[in-house]
Structure formats: structure tokens, C-alpha cells
Amino acid sequence: MENKIKVLFAGAELTPLVKVGGLGDVMGAMPKSLAKYGIDVKIIIPFYGTIDQKKFKIKLFKKGLNLQIDNSKEKFDLYQTFLPGTKISVYLFKHKLFNSKDIYFGGRKYFKGGVYSREIKDIDRFIFFSKGVVEVIKQLNWQIDILHAHDWHTAMLPTFIDEYSLSDENFKNIKTLFTIHNLANQGISSLDIIDYAGLHQALTPALMEDYYDHDGDKIDMMKIGILSADLVNTVSPTYAKEILTKVYGENLEQYLLRRKKHLFGILNGIDTDVFNPQTDKAIAKKYNQNNFLSHKILNKKALQTKLKLPVSDVPVFALISRLVSQKGLDILNPLWENLLKQDLQIVILGTGEKKYEEELKSLNKKYPNKFKAVLKFDADLAQMIYAGSDFFLMPSNFEPCGLGQMISMRYGTLPIVRATGGLKDTVKHKKTGFVFKDYHSKALEKACDLSLKIFKDKKTLNKMIKNAMSQDFSWQKSASEYIKLYKKLVR
Ligand code: ADP
């Protein structure tokens, strides 16, 4: 029998143990499909203070492991569980740096979950975690073939592997894949991080020149991941092309261009077991492609009742998102009041920047019968909104892949998206949603007007809903694309 390829996933989030956004969903869903295709995959994440140890049956695996950081010895513990419903091992790196329950971002409390804090402190935390990962690789009785690192938090891992290879034979055969989930967050730090991490040999002077940030005295984790991993990929074919340009390259386009031959774009999938209107326990009435006509309206009623909006079959527009400019809040803000002149309702679920939250709060007061913004993170309410709305707003300025538009289509809620990144790759104009080009309120308004027109044309509307619901966004296809990359690496 052919030996299975052994892959260790390392990242900052993992649904359902700990989720902030799409990264958690991908980390939690892709391994299940990889395992089905015969990949031997395990996962490692930090053990945040908010992860529910009891609920996820997390047990101590190894106590008092050592790691050398900041020129001194630190101890950490390793815990273990299985990804719920699977035999996939999840290791949890336990250290007090990850114990905190509150998260602060941009100087304010952002959301609960203990995942991200202020970025500068985060860099230390995730370097620490990354070093822990290589120590764990040493400890596991499992010779891995591929270390699959996700986003800037674990972008230093290929360099750690190189550093350890210099003195440990076992590390020489480990290949690395680095997945960029969002190029905008890079983990930029002062140079003393090299000392802190103990990365003196792998970061050779010749390499260091490239590693300096454009300011000249900074180090950029994302850049390190891009330059040092054996292969690099991002989460949609369009974003993989966009990031080679100045507009989307976030100052790293020259480095990405250098890796062009080793850079790939693979669309994310969604967990179709979790995001399934036929089985979803969080929604009022389960439905499928054949009965959405009579059942989706019941979900709309339940949503309106829950949010204390008048119950009626007016078009409901939804937004479920981090409230940041990336997600199109800049072009949505000038549009809200124009939209609200029409006979419709707007439902928003999200947390984020204060200026956007304040704007939404004032609209809540001004239009209590038409506008409801819920400013929190609430996975169950999100499902109710996906099921109970008609249109899903996702007018992102840039979007590496985006999951919201795929989830909304699966729930028969037509997405209104800008033609960028994964949105462009997944939504078909007037077939499964509405697509506009210019990042401008006027262009978005035109797309919303078209959706309202189609709302009245029930024959076209229902055909579009059916089309949207029948799209295949499962991980199956994407996982096989990842396996092609793994095979390239181990060949
Ligand atoms: P990103 O990872 O950039 O935030 P994605 O579209 O890739 O955006 O993934 C966002 C995920 O997080 C989706 O599953 C979306 O439903 C979910 N989400 C975003 N905000 C909230 C919220 N306030 N409450 C519940 N779920 C949310």
C-alpha cells in the first residue's frame, strides 16, 4: 500500500474550537476532505483561554516540554483532542501567553475569544507558538512530510524548519506549504524578533536583505513566509493574480512576482455539513431546493420576529461581516439611507471599527422598523440571517476568497458582490447573484436596484435561487487541488 502523505496544519484558528473568521472555517473543514482522500493530516493551534476544554474533550498529552526563546528556556504543555466527528488529531499548545479571555484590537475591546490582541504583542505570541510547533514535531512519534502553515501567524515556520534542519536530520525532509488567507495582515515587527526567535542561521545576511521591510528596519512575517516556503498558495485563482499587482499586492507584489512559478490559487470550500439548510438546527424551518418557496418565507418571519422588525414579505438585505473597510463599509455607508427610502428591510450582524458601529447604531435609532444592526458575534443568529434574508451584501474592496457569499448561496440568499478575488470566482451575475465592478456606492446601488427589480419578477428570482442553491461549494474539489500541491512537494 502506498504510504500516506503526512501533513501537519498549523494556524491561529480552528472551527468549531475557536473561530474569528474564515481562517477558522478553512482550518476546520479542509482537513476532513483531505482525510477522505487518504491524506494523514493532524492540526496544531494555540490553546486559548476561551476554548472549552470539557466540551471538546481536550486531554493533556505531554507536560513540561521545553523550548528556547528570547535566550531563555520556557516550558509549555501539549494537549490533544480530535476534530469533532473525525479521527483527526488536534494538538493544542498551552502556555500562559494564550490564556487571556479578552481581545483588544485597535485599542478597544473587539470580541471575546482570546485569539488576537494588539498586533505587536501578537507577533511575540505567534512566534512563540511557531517555535512550539517545531518542538512538537520533534516530540511526536510521527515523521511529517509537509508542514502546512496558514497566514502570517505561522509564516516563520518554513524558516524555523530550515534552522532546525541545520542540526537535526529529521527536519531535512520536511517540505513546507504556506497559504495566504489575507495578504493585508502581515505581522510586521522590529528586528529584535530575530534574536527573540533565535533565528540566526536560517536568516542568512543574503536573505535578510529581502526580509527588511520597506522602512528598512522592520521584518515582515508574511514576506518571510512567501520567500521561504517551498510552495505558496492563496485562496482563490483571481486573488492569486491580483496580488501580483500594485493595487492588491500590499507592498509585497515584487516578492510574490519572484515566487510566481511557485504561487497557486485554490478556491476555499465551505463545510457543507455545517452550512446546510436541510439540517441546520439554528434555523426556524429547514428547507432544500425543492421547498424553499414555501419554507424560506417562514425563516424570514422568524428572523423578523426575533429582531423585532415588522413581519412582512418585503425584500430583506443582509450583511454578516467584520465591520472594516475591506468589506465595503466605505461604499455601504453613503448608501444605507438611499436604500431605506424603498420598501425593504436591512439586517446587519457584525463587529468592528468604531466609526462603522456608531453609524449603524444611529441608523438603528432612526429606522427602527426597517433597519437592525446587531453588533456582536453570534453564529446562530448568522444562520438565521442566511436563511431568512433575500439578498446578501458583500461589496468588498478586496476579498481573498470570502465564505459569506458561498454560505448565502447555499441558503438561497442571493449575494450582491464586487468583482474581486474569490467573489469574482464564485458568483455569476444574474445567474446566482449580482456582480458589479467599480468600488463605488453608485455601482453598488445599481446592483441593489437590479436585485429589487428581480425581487418582483418571481419567475427569474426563483430560478436564480435554485441556481444558487445547487452550486457545489464543498471542499471536495478544492481538497484535490491541495493534494496536487502536496504531491508536487513530496515527489
Ligand atoms: P473574513 O474571514 O475575511 O472575516 P469570510 O467571508 O471569509 O470573511 O468569513 C467570515 C465568516 O465569519 C463567515 O462564516 C461569516 O458568516 C462569519 N461571521 C462574520 N461576522 C460574524 C458575526 N458577527 N457573527 C457570526 N458570524 C460571523
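Heads up: the structure comes first, above all this text.
Residues numbered from 1 in each chain as written. Predicted model: local features only at pLDDT ≥ 70, side-chain atom pairs only at ≥ 80, totals over all residues. Heavy atoms only, no water.

**Student:** Lay out the overall build of the chain in plain terms, naming residues and giving numbers.
**Tutor:** What the chain contains, in helices and strands, is 18 helices and 19 strands. Relative to the globule expectation of 23 Å for 491 residues, the C-alpha radius of gyration of the chain, 23 Å, shows essentially globular dimensions. On the principal axes, the C-alpha backbone points of the chain span a range of 70 × 50 × 40 Å. Counting every position in the chain, which comprises 491 residues, the buried fraction comes to 58%. As displayed, the chain offers around 21,100 Å² of accessible surface, 50% of which is attributable to carbon and sulfur atoms. (Helix = DSSP H or I, 4+ residues; strand = E, 2+ residues; numbered from the N terminus. Rg over C-alpha atoms; globule rule 2.2 N^0.38 Å. Buried < 20%, exposed > 50% of the residue type's maximum accessible area, 1.4 Å probe, protein only. Areas by Shrake-Rupley, 256 points an atom, 1.4 Å probe, with all protein chains shown as cover.)

**Student:** Quick rundown of empty space enclosed by the protein? Include the residues and the values.
**Tutor:** Enumeration over the complete set of coordinates arrives at one cavity of 30 Å³ or more. Of the voids in this model, the largest cavity is the one considered here, and its volume is about 30 Å³. Along the walls of the largest cavity sit Lys296, Asp390, Phe391, Gly412, Leu414, Phe455, Leu461 and Ile465, which together make up its complete lining. Broken down by class, the residue content of the lining of the largest cavity amounts to five nonpolar, one polar and two charged. (1 Å grid on protein atoms, 1.4 Å probe; cavity = no way out; pocket = protein on both sides within 12 Å on 5 of 7 lines; lining within 4 Å. Points joined across faces, edges and corners; volume = space filled by probe spheres on them. Nonpolar A, V, L, I, M, F, W, Y, C, P; charged D, E, K, R; others polar.)

**Student:** Please give an account of a negative patch on the surface that cites residues and values.
**Tutor:** Residues Asp70, Asp124, Asp192 and Asp195 make up a contiguous surface patch of negative charge. With respect to the secondary-structure elements, Asp195 resides in helix H4 (residues 192–197). Using a relative accessible area of 40% as the deciding quantity, one classes Asp195 as partly exposed. (Patch = residues over 30% accessible without salt bridge, like charges linked within 9 Å, V, L, I, M, F, W, Y side chains within 5 Å. Salt bridge = Lys/Arg side-chain N within 4 Å of Asp/Glu carboxyl O. Lys, Arg positive; Asp, Glu negative; His and termini not counted. Charge placed at Lys NZ, Arg CZ, Asp CG, Glu CD.)

**Student:** I'd like a description of the site of the ligand, backed by residues and values.
**Tutor:** The environment of the ligand is formed by 21 residues, the closest being Gly22, Arg322, Lys327, Lys376 and Tyr386. Contact between the ligand and Lys19: an oxygen atom at 3.1 Å from a side-chain N or O atom of the residue. In the model, an oxygen atom of the ligand is placed 3.3 Å from a nitrogen or oxygen of the Gly404 main chain. Across the complex, the protein chains shield 91% of the 570 Å² of accessible surface that the ligand would expose by itself. Counting residues per element, the ones that place at least two in the shell around the ligand are helix H1 (22–36), strand S14 (316–323), strand S15 (345–352), helix H13 (379–388) and helix H14 (404–410). Among the residues making up the shell around the ligand, the classes are represented as nine nonpolar, six polar and six charged. (Near = heavy atom within 4 Å. Polar contact = N/O pair within 3.5 Å; in protein donor to acceptor, adjacent residues only side chain to side chain.)

**Student:** Which residues make up the sheet that holds S14, and what values go with them?
**Tutor:** Read across the sheet, six strands follow the order S16-S15-S14-S17-S18-S19 without closing on themselves; strand pairing throughout is parallel. With partners counted over all chains shown, the strands left at the sheet margins are strand S16 (371–374) and strand S19 (434–436), one partner each. Mean inter-strand twist for the sheet, computed between neighbouring axes without regard to direction, equals 15°. Inspection of the sheet shows S14 paired to strand S17 (residues 391–394) by two bridges, in the parallel sense. In the strand pairing of S17, Phe317 is matched with Phe391. The strands touched by H13 are S14, S15, S16 and S17; relative to S14, the strand with the most contacts, the crossing angle is about 145°. (Pairing = 2+ DSSP bridges. Axes fitted to C-alpha atoms, helices over the stretch in contact; angles between N-to-C directions. Contact = heavy atoms within 4.5 Å.)

**Student:** Describe unusual backbone geometry, naming the residues involved and giving the relevant values.
**Tutor:** Residue Thr15 is joined to Pro16 through a cis peptide bond whose omega torsion reads 10°. Inspection of the secondary structure puts Pro16 in the loop between strand S1 (6–10) and H1. Notably, Lys57 is not glycine yet its phi reads approximately 50°, a positive angle. In this fold, Lys57 is placed in the loop between strand S2 (40–46) and strand S3 (59–69).

**Student:** Give me the pattern of salt bridges: which residues, what numbers.
**Tutor:** Pairs can form between side chains of opposite charge whenever their charged atoms are close. The final tally for this structure, using the stated rule, is 13 salt bridges. Where salt bridges share partners, they join Lys300, Asp313 and Asp390 into one cluster.

**Student:** Describe the packing of H1 against helix H18 (residues 475–490), and please don't skip the residues or the numbers.
**Tutor:** At their nearest, the axes of H1 and H18 sit 9 Å apart, and the two run at 75° to each other. Comparing their axes, H18 and H1 come out roughly perpendicular. Contact with H1, carried on its side by Val26, Ala29, Met30, Ser33 and Leu34, involves Trp475, Gln476, Ala479, Tyr482, Ile483 and Tyr486 of H18 and no other residues of that element. (Parallel < 35°, antiparallel > 145°, perpendicular 65-115°, else oblique.)

**Student:** Kindly report on the packing of helix H9 (residues 292–306) against H13, identifying the contributing residues and their values.
**Tutor:** One can describe the packing of H9 onto H13 by two numbers: an axis separation of 8 Å at closest approach and a directional angle of 130°. Here H9 is positioned oblique relative to H13, judged by the angle of their axes. Considering how the two elements wind past one another, H9 and H13 form a crossing that is left-handed. For the pair H9 and H13, the contacting residues are Lys296, Asn299, Lys300, Ala302, Leu303 and Lys306 in the first and Leu381, Met384, Ile385, Tyr386, Ala387 and Gly388 in the second. Grouping the amino acids of the contact of H9 with H13 by side-chain chemistry returns seven nonpolar, two polar and three charged. (Left-handed = near helix turned anticlockwise from the far one by under 90°.)

**Student:** Please provide a residue-by-residue account of the pairing of S16, values included.
**Tutor:** Of the pairings in the sheet, the one linking S15 to S16 comprises four bridges and is parallel in character. When the bridges of S16 are listed, Val347 appears paired with Lys372. Where the polypeptide runs from S15 across helix H12 (residues 354–366) and back to S16, its parallel neighbour, the crossover connection is right-handed. (Right-handed = clockwise from strand over helix to strand, strands pointing away.)

**Student:** Explain the sheet that holds strand S9 (residues 175–180) to me, and be specific about the residues and the numbers.
**Tutor:** As summarised here, the arrangement of the nine strands in space is S3-S4-S5-S2-S1-S8-S9-S12-S13, forming an open sheet in which the pairing is mixed. The two strands at the open ends of the sheet, each matched to only one other strand, are S3 and strand S13 (263–265). Pairs of neighbouring strands in the sheet enclose a mean axial angle of 25°, with direction left out of account. As paired strands, S1 and S2 are joined by five bridges and run parallel to one another. Note that in S2 the partner of Leu8 across the bridge is Lys42. In this fold H1 packs onto S1, S2 and strand S8 (146–150), with an angle of close to 160° to the strand it touches most, S2. Sheet strands touched by helix H3 (residues 157–165): S1, S8 and S9. Its angle to S8, the strand with the most contacts, is close to 145°.

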